[in-house]
Structures are given as structure tokens and as C-alpha cells.
Amino acid sequence: MRINKIYLEAALNELAERHINNKQLEKSRRNEILEKLPEYQDLENQLMQTVTDMISAVMDKSLPADEVSANALNKNKEIQRQMDELLERNGYPADYLDPIYTCPICKDKGNTGSDWCECLYRLTNKMAAEELNENAPLDKSRFNNFDIERYSDKTDKDNTVSSRNIMQRNFEYCELFAEQFNGKGSGILMVGNTGLGKTHLSLAIANKLIENGFCVVYGSVTELIRKINSEQFDNVEGDTMSLVKSCDLLILDDLGVENKSEWNASLLYEIINTRQNKRAPMIINTNLDLDELTQCYGDRLSSRMFSMKVMFFEGTDNRVAFSENYNI
């Protein structure tokens, strides 16, 4: 996986800040324990003395080294057991004074010695995703403001269930998807006319996942393709292609309105195929029906989309019912 160099310095600065904060927390905890449990300091002093005694004994050639080491080690373990017991007896976990790291793999340094750490990749992706999502109406699109009453509860002769019933099931599935999300799976293909809530439910999922610390990228297919092409052919700085392939959840909005070309179709295929091979979830929204998707993108790409959970949106365009500033 490539590192996003645009955000590398900012990510390293954040890791350095985490390191400082964790050291301050370690110091605060230690001061707390020494103030409340002064006997802990006595045990620490005894522990240090065992190390000093072992070094002295090893230097003294007249004593058997193996026996000295074994005795010192046993004494050391016994003192550590007493220290852990003292903490637990007073309501603290045994590891309360252990070093604190946000990332135990790299110890908040950002690299593992031979490569960048996964935590640094996640940080740079998160920063890039936040910039891409800057214009998304995330604050307006949550599960608690999705109004199911806007959908008709009436059925006609061609339907056995109402639009409201269908949308209630869609809503519940999306809520469950967000609750159970773990970064693996296929995702959802949302199909239906404009103004039926596809974008709202997609962004409601995004909000929930972002709150839970996942990296989510949202964008219209048109805008993402434009950005990728600019970076590849116009020397615009950025690596959107890597980001859309590696983020925890990718939301592709308005599939079908982008300019149609073999190149754009190949970009879409690369993104969708790569993510499906990695079992990295996507949500794809489109106003096209299934036949139109097949005609537009061919069997190879459409079959990959149809392997996702296909969710049909029913009803009439609800945008007129929203406030004039609610543009989804």
C-alpha cells in the first residue's frame, strides 16, 4: 500500500502528539499511585535492588552464575507479583503503570523499522477522506432524521406492499449494516429514482461508521473519476485511486450520470473489482434500473454490482418535501 505523501507530515505530527499525551498520562498515573500507595515505591526499590544484586553477583567470579541468576529471577518475579497484587487490591488493573501506546505495533512512531505502520496508513487515508467528504451533507443525513412517514402506506393493484413498507425494510437493513460493520463484506447496490433517500441512507451509514473510527470515502462517480484523471494526467497532487481502493467503506453516488468512455468504465471496473477481491465493502447508488446498468456497463461489471445486496427504493420524489437547503 502506498503512503499518501500529502498528509504524511500531518499524520506524523499527530502520532507525535499522541506520544506526548500518552507520556503525560503515564506520568499522571504514576504520581497518583505513589501518592495513594507509597508502599508501591518500596516494592520498586526492592525490584531495582534485585537487578543490582544480580550484576554484583555475576561480577563476583567466586559465586555460581547460574544459581545467582535463578535466585535473582525468582525474587524479581515475586516482587512483580506483589506489585500487581497491590494495584489490584486497591482497584487498579495490574497493567495500570505499563507504558501506554495508541498503536502497540509501532509504539506511536509511525514505522515498524522496515516499513510504515498500518496506523500511519489509516491516519493519512482518514485525512484524505475528510478532504474528499468536505462538501458532503453529512451533518444533515442521519438515521434519526430519516422520515419514513414521507413514503406512502397505500398499495395499488400492481404492488402487494406499500412504498413505506419497502422503505422501512431498507432503513432497518441500513441501520443493521452500520451497527455490524467490520470492514469486510460486499456492500449495497441502491437502485431507484431520484429523491427517494438513497443518498440520505448512504450518508447516515457513513456518519455512524466515521463516529466509530472507520475511514469512509463518499463521492459522486463523476467527481471521483474527474479527480483520479486529473491526478493521473494533469499532474494534480493526490492519490485518490489508492484511497478509494483502500478505505474501509467506499460510497459511489450517482452511478450512471458520468461521462461514458472506455477509460472511465475501466477505472470503475478496477475500483469495484479490486474492492470485491479484498472483500472491502461499497455502497453504490444509481438511478438506473438493472437492465439499464447491464446495457450501460456490460455483463462483466454489472454482474459484480449485482453480487451485492440489491436494495430497491420505492415512492415518489421526496425532495420537494424537504427544506430548500436540504439538497439530497
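As shown above, the structure is provided for reference.
Throughout what follows, the structure given in this document is the object of discussion. (Residues numbered from 1 in each chain as written. Predicted model: local features only at pLDDT ≥ 70, side-chain atom pairs only at ≥ 80, totals over all residues. Heavy atoms only, no water.)

### Comments concerning helix α7 (residues 221–233)
Where we set the bar: Secondary structure is summarised from DSSP: a helix means a run of H or I of at least four residues, a strand means a run of E of at least two, and numbering begins at the N terminus for each. A helix's residues, less one, multiplied by 1.5 Å, set its expected span. Burial classification: accessible surface area is computed with a 1.4 Å probe over protein chains only, and a residue below 20% of its type maximum counts as buried, one above 50% as exposed, and the rest as partly exposed.
With 13 residues, α7 should cover 18 Å at 1.5 Å per step; its first-to-last C-alpha distance of 18 Å lies within 8% of that length. Here α7 has its buried residues at V221, L224, I225, I228, N229, S230 and E231. Downstream of α7 by a residue or two, N235 has a phi angle that is positive, lying close to 55°.

### Observations concerning unusual backbone geometry
A positive phi angle, close to 65°, is found at D108, a residue other than glycine. One can find D108 in the loop between α3 (65–89) and α4 (118–132). Judged by relative accessible area, D108 falls into the buried class, the value being 5%.

### Notes on the packing of aromatic side chains
Each aromatic ring pair is characterised by the separation of its centres together with the angle its planes make. To be explicit about the condition: Ring geometry is summarised as follows: Phe, Tyr and Trp rings, the Trp one being its six-membered ring, pair when their centres sit within 6.5 Å, and such pairs are stacked at plane angles under 30 degrees, edge-to-face over 60 and tilted between the two. Only lysine NZ and arginine CZ atoms are considered, and such an atom sits over a ring when it is within 6 Å of the ring centre and within 35 degrees of the ring normal.
A complete count under the given rule lists 7 aromatic pairs for this structure. With centroids separated by 5.6 Å and ring planes inclined at 15°, the aromatic side chains of F146 and F171 adopt a geometry described as stacked. A residue pair is termed long-range when its members are at least 10 positions apart, and F146 in the loop between α4 and α5 (163–180) and F171 in helix α5 qualify at 25 residues. The exposure class assigned to F171 is buried, which follows from its relative accessible area of 12%. Counting every residue linked through ring pairs, the aromatic cluster contains F143, F146, Y151 and F171. Positioned above the aromatic ring of Y269 is the side chain of R300, whose terminal nitrogen or guanidinium carbon lies 3.8 Å from the ring centre. We note K309 situated over the ring of Y173; from NZ or CZ to the ring centre the distance is 4.9 Å.

### Some thoughts on the nonpolar core
It is characteristic of soluble globular proteins that their nonpolar side chains tend to be buried jointly. Defined as follows: In plain words, nonpolar cores are sets of buried Ala, Val, Leu, Ile, Met, Phe, Trp, Tyr and Cys residues tied together by side-chain atoms within 4.5 Å. Whether two residues touch is decided by their heavy atoms; if any such pair falls within 4.5 Å, the residues are in contact.
Ranked by size, the top nonpolar core spans 41 residues in total, and within it L250, L252, L255, L268, I284, Y297 and M305 carry the most contacts. Aside from chain neighbours lying at most four places away, what touches L250 is V217, L224, V244, I271, R275, P281, M282 and I283. By size, the runner-up hydrophobic cluster in this structure holds 26 residues, among which are Y151, F177, F181 and L203.

### Comments concerning the pattern of salt bridges
Let me state the cut-off plainly: Any carboxyl oxygen of Asp or Glu within 4 Å of a side-chain nitrogen of Lys or Arg constitutes a salt bridge here.
Evaluated as defined, the whole model comprises 14 salt bridges. A salt bridge links D153 to R164, with the shortest nitrogen-to-oxygen separation between them at 3.7 Å. With a gap of 11 residues between them, D153 in the loop between α4 and α5 and R164 in helix α5 connect regions that are remote in the sequence. By relative accessible area, D153 is classed as partly exposed at 46%. Residues joined in a network through salt bridges with shared partners are E78, R81, E85 and R89.

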